[in-house]
Amino acid sequence: QVQLVESGGGSVQSGGSLRLSCAASGLKFFRSCMSWFRQAPGKEREGVAAIDHYERTSYADSVKGRFTISQDNAKNTLYLQMTSLKPEDTAMYYCAAARCRDLGRLLDQSQYNYWGQGTQVTVSS
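Keep in mind that this is a model prediction, so the values were computed, not measured. Every chain begins its residue count from 1, and numbering advances along the sequence as written. Confidence filtering applies because this is a predicted model: local features only for residues at pLDDT of at least 70, side-chain atom pairs given and counted only at 80 or more, and all residues used for totals across whole chains, interfaces and linings. The basis for every side-chain value is the complete set of non-hydrogen atoms in the structure, without hydrogens or water.

1. Details of the environment of Ser11
Looking at the secondary structure, you find Ser11 in strand 2 (residues 10-13). Distance in space between the C-alpha atoms of Ser11 and Tyr59 is 23 Å, their sequence separation being 48 residues. Each helix is a run of H or I in the DSSP string that is no shorter than four residues. Each strand is a run of E no shorter than two, and both are numbered from the N terminus.

Here is the structure:
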């Protein structure tokens, strides 16, 4: 069975940094696509960053240059390094995983089968 557990969220001031972690079990990174999504109250869930089994990455335009997705295969852990945080980054952040299928739609939530419970990120001005 696949289990994804996020951690690392918290409250930070605008301009600050956070590093989110997603501990994964029951799947192999070399055959999986991994991603981070976020959802703010009253808004749709949106794709933030994704990494495929070739370690190619995709980012939402709103976070390019500020967020970096990476994975540690030895630790079976996915990361999202977030810098220059803005109040509009405030959301619940979710880790998601799937066997890679459509590599052109890595930020589409319909591509993912497994989801973590989320970790809250709050950025104040």
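Still more ground to cover, so stick around.
2. Concerning the state of the cysteines
Linking two cysteines covalently via their sulfur atoms produces the bond known as a disulfide. Cysteine sulfur atoms are paired as a disulfide whenever they come within 2.5 Å of each other. Counted by the stated rule, this structure contains two disulfides. At a sulfur-sulfur separation of 2.1 Å, the disulfide partner of Cys22 is Cys95. Around the S-S axis, the bridge from Cys22 to Cys95 shows a dihedral of about -75° and counts as left-handed. You can see Cys22 sitting in strand 3 (residues 18-25) and its partner Cys95 sitting in strand 9 (residues 91-99), a full 73 residues away along the chain. Both residues of the pair, Cys22 and Cys95, count as buried. Across the disulfide from Cys33 sits Cys100; the S-S distance is 1.9 Å. Torsion about the S-S bond of the Cys33 and Cys100 cystine: about 115°, corresponding to right-handed handedness. A residue pair is termed long-range when its members are at least 10 positions apart, and Cys33 in strand 4 (residues 32-39) and Cys100 in the loop between strand 9 and strand 10 (114-115) qualify at 67 residues. Across the pair, exposure class does not vary: Cys33 and Cys100 are buried alike. Listing the disulfide partners of the protein by sequence rank of the bonded cysteines yields 1-3, 2-4. Buried residues are those whose accessible area, probed at 1.4 Å on protein chains only, stays under 20% of the maximum for their type, while exposed residues exceed 50% and partly exposed ones sit between those limits.

3. A closer look at the pairing of strand 1 (residues 3-7)
Burial of the side chains of strand 1 is restricted to one face: Leu4 and Glu6 are buried, whereas none of Gln3, Val5 and Ser7 on the reverse face is. Note: strand 1 against strand 3, five bridges, orientation antiparallel. Paired with Leu4 across the two strands is Ala24, which belongs to strand 3. We call two strands paired when DSSP finds no fewer than two bridges between them.

4. Structural notes on the pattern of salt bridges
Each reported salt bridge corresponds to a side-chain nitrogen of Lys or Arg within 4 Å of a carboxyl oxygen of Asp or Glu. Under the criterion given, the structure shown has six salt bridges. The partner of Asp89 in a salt bridge is Arg38, with the nearest N and O atoms 2.9 Å apart. Residue Asp89 is located in the loop between strand 8 (77-82) and strand 9, and its partner Arg38 is located in strand 4; the two are separated by 51 residues in the primary sequence. Exposure remark for Asp89: the relative accessible area of 1% places this residue in the buried category. Between Arg105 and Asp108 there is a salt bridge, with its nearest N and O atoms 2.3 Å apart. The class of Arg105 is partly exposed, set by a relative accessible area of 39%. Each of Arg38, Glu46, Arg66 and Asp89 takes part in one network of salt bridges that share partners.

5. So, the sheet that holds strand 1
Pairing between the strands of a sheet comes from backbone hydrogen bonds, and it takes one of two forms, parallel or antiparallel. The strand order across the open sheet built from four strands is 1-3-8-7, with neighbouring strands paired in antiparallel fashion. The open sheet terminates on both sides in strands that have one partner only, identified here as strand 1 and strand 7 (67-72). Going from strand to strand, the sheet's axes swing by 15° on average, the running direction of each strand aside. Here six bridges tie strand 3 to strand 8, and the two strands are oriented antiparallel to one another. Pairing of Ala23 across the sheet is with Thr77, part of strand 8. The convention used is that axes are lines fitted to C-alpha atoms, helices contributing only their stretch in contact, and that angles between N-to-C directions extend from 0 to 180 degrees.

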